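# Architecture and fold: a report
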Amino acid sequence: GVAVAAQVPVGQGQIDAFIASNSLDASASAALRQEPLDVQARVLSEGALTGTNKSAVLMSRIRRIRSSPVEAAAVASSPAGDAVARFAQENGLDPNAVGVLREQPERIQRRVMDEGPITGQNRSAILISRIRRSQASF
């Protein structure tokens, strides 16, 4: 399902598909490919590009993402007091994992966060595991 794809790092195939589906020009395609994996993941996690000049929209998105650290972006893009944003910041979660958590119904989000702080090497994978466990118990 969605959770499996979100925990896998951005691969070349995902980048190729994003470039093709958005009809990006060679310059924009090269710019995206040159970005670090975390920037690529954040660009793709925002979904399809909109507008008449998608290559320009991509370049703008890359600049915005590069200028905002992950934690600041998570908090800035959410309403004040957003429990998911706070949980993500407190636990150092990557944007893809946070996206998967946000896609869940509120009762699943609450159950996952009520388990407390996430400890371990791969916190995002642990979050995905908590989500799956919570989904299975409903």
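Residues numbered from 1 in each chain as written. Predicted model: local features only at pLDDT ≥ 70, side-chain atom pairs only at ≥ 80, totals over all residues. Heavy atoms only, no water.

Tracing the sequence through the fold places S124 in helix α10 (residues 123–136). Judged by relative accessible area, S124 falls into the buried class, the value being 9%. At 2.8 Å, the side chain of S124 forms a polar contact with the side chain of D94. When near neighbours in sequence (up to four residues on either side) are disregarded, S124 contacts L93, D94 and A97. (Helix = DSSP H or I, 4+ residues; strand = E, 2+ residues; numbered from the N terminus. Buried < 20%, exposed > 50% of the residue type's maximum accessible area, 1.4 Å probe, protein only. Polar contact = N/O pair within 3.5 Å; in protein donor to acceptor, adjacent residues only side chain to side chain. Contact = heavy atoms within 4.5 Å.)

On average, residues of the protein score 82 in pLDDT, and 84% of them reach the 70 mark or higher. Per-element mean pLDDT across the protein ranges from 40 in helix α1 (residues 2–7) up to 94 in helix α3 (residues 26–34). Scored below 50 in pLDDT, residues 1–8 makes nine contacts in the model with residues more than four places away or belonging to other chains. (pLDDT = per-residue confidence, 0-100.)

For the rest of this paragraph, the subject is the pattern of salt bridges. Scanning the entire structure with this criterion turns up seven salt bridges. Note that R64 and E46 form a salt bridge whose closest N and O atoms lie 2.6 Å from each other. Placement of the pair is R64 in helix α5 (residues 54–67) and E46 in the loop between α4 (37–45) and α5, with a sequence separation of 18 residues. Across the pair R110 and E106 runs a salt bridge, and its minimum N-O distance is 2.3 Å. Of the two residues, R110 and E106 both sit in helix α9 (residues 106–114), four residues apart, roughly one turn of that helix. Judged by its relative accessible area of 52%, E106 is exposed. Connected through shared salt-bridge partners, E46, R61 and R64 make up one network. (Salt bridge = Lys/Arg side-chain N within 4 Å of Asp/Glu carboxyl O.)

To continue, consider the environment of I108. Within the secondary structure, I108 is located in helix α9. With relative accessibility at 2%, the residue I108 sits in the buried group.

Attention shifts here to the packing of helix α2 (residues 12–21) against α3. Close contact between α2 and α3 brings their axes to 11 Å; oriented N to C, the two are set at 155°. Our classification of the angle between α2 and α3 gives roughly antiparallel. Crossing geometry of α2 relative to α3 is assigned as right-handed. Listed contacts from α3 to Q12, I15, D16, F18 and I19 of α2 are S29, L32 and R33. Residue composition of the contact of α2 with α3, by class: four nonpolar, two polar and two charged. (Axes fitted to C-alpha atoms, helices over the stretch in contact; angles between N-to-C directions. Parallel < 35°, antiparallel > 145°, perpendicular 65-115°, else oblique. Left-handed = near helix turned anticlockwise from the far one by under 90°. Nonpolar A, V, L, I, M, F, W, Y, C, P; charged D, E, K, R; others polar.)

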